[in-house]
Amino acid sequence: MRGVSGTEQLDPRIAARLKRDRDGLVAAVVRQFDTGEVLMLAWMDDEALRRTLSTGRATYWSRSRGEYWVKGATSGHHQFVRSVALDCDGDALLVSVDQVGPACHTGSRTCFTDELEITAERQEMTA
């Protein structure tokens, strides 16, 4: 496990429930705690999740840089964690945060700004 300091490890009960990808990562969907607005998607390994749970500061694994990063450490756009939930399959996390400033590295509030057109015919749902 990369980056584990000393004897501190993720709670084994939580670790046992995680279904990681081949790189040992789990997707973390990040939302604003009070509005439910989806802000971003990031990646966590066991150590990033442990740091997040123990510090209350959102910590992720950067796949491009190959290192841990605490959201806001350099930008000042902090994420203060309010809760973390594991989905039923154990392969995704829902991180509810109090976002300070924009969440996206582009300066946007959310990373999800580009709506895609749905071209399929819409059918009314029947009950």
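As the structure is a prediction and not an experimental result, all values here were calculated from the model.

Trainee: Hey, could you run me through the pairing of strand S4 (residues 67–70) in this one?
Mentor: Consecutive side chains along a regular strand alternate between the two faces of the sheet. Across 4 bridges, the pairing between strand S3 (residues 59–62) and S4 is antiparallel. The residue of S4 that forms the bridge with tryptophan 61 is tyrosine 68. Once S3 ends, the chain turns through 4 residues before running back antiparallel as S4, passing glycine 66 with a positive phi of about 65°.

Trainee: Even after reading the chapter, I still don't get the side chain of aspartate 45, so can you show me in this structure?
Mentor: Mapped onto the elements, aspartate 45 comes out in the loop between strand S2 (38–44) and helix H2 (46–55). Polar side-chain contacts of aspartate 45 include one of 2.8 Å to the backbone nitrogen of alanine 48.

Trainee: Sorry, what's going on with the environment of tryptophan 43 here?
Mentor: Structurally, the position occupied by tryptophan 43 is in strand S2. Distance from tryptophan 43 to tyrosine 60, taken between C-alpha atoms, is 5.7 Å for residues 17 residues apart in sequence. With residues up to four places along the chain from it excluded, the contact list for tryptophan 43 reads Asp21, Leu25, Val26, Ala27, Tyr60, Trp61 and Arg63.

Trainee: Please explain the pattern of salt bridges as it appears in this structure.
Mentor: Side chains bearing opposite charge may pair, as long as their charged atoms lie close to each other. Considering all chains together, one arrives at 8 salt bridges under this definition. Residues glutamate 37 and arginine 109 are paired through a salt bridge, measuring 3.2 Å at the closest nitrogen-oxygen approach. Highlighted residues: glutamate 37 in the loop between strand S1 (26–32) and S2 and arginine 109 in the segment after strand S6 (92–99), separated in sequence by 72 residues. Overall, the relative accessible area of 33% leaves arginine 109 in the partly exposed class.

Scoring rules and cut-offs
- Residues numbered from 1 in each chain as written.
- Predicted model: local features only at pLDDT ≥ 70, side-chain atom pairs only at ≥ 80, totals over all residues.
- Heavy atoms only, no water.
- Pairing = 2+ DSSP bridges.
- Helix = DSSP H or I, 4+ residues; strand = E, 2+ residues; numbered from the N terminus.
- Polar contact = N/O pair within 3.5 Å; in protein donor to acceptor, adjacent residues only side chain to side chain.
- Contact = heavy atoms within 4.5 Å.
- Salt bridge = Lys/Arg side-chain N within 4 Å of Asp/Glu carboxyl O.
- Buried < 20%, exposed > 50% of the residue type's maximum accessible area, 1.4 Å probe, protein only.

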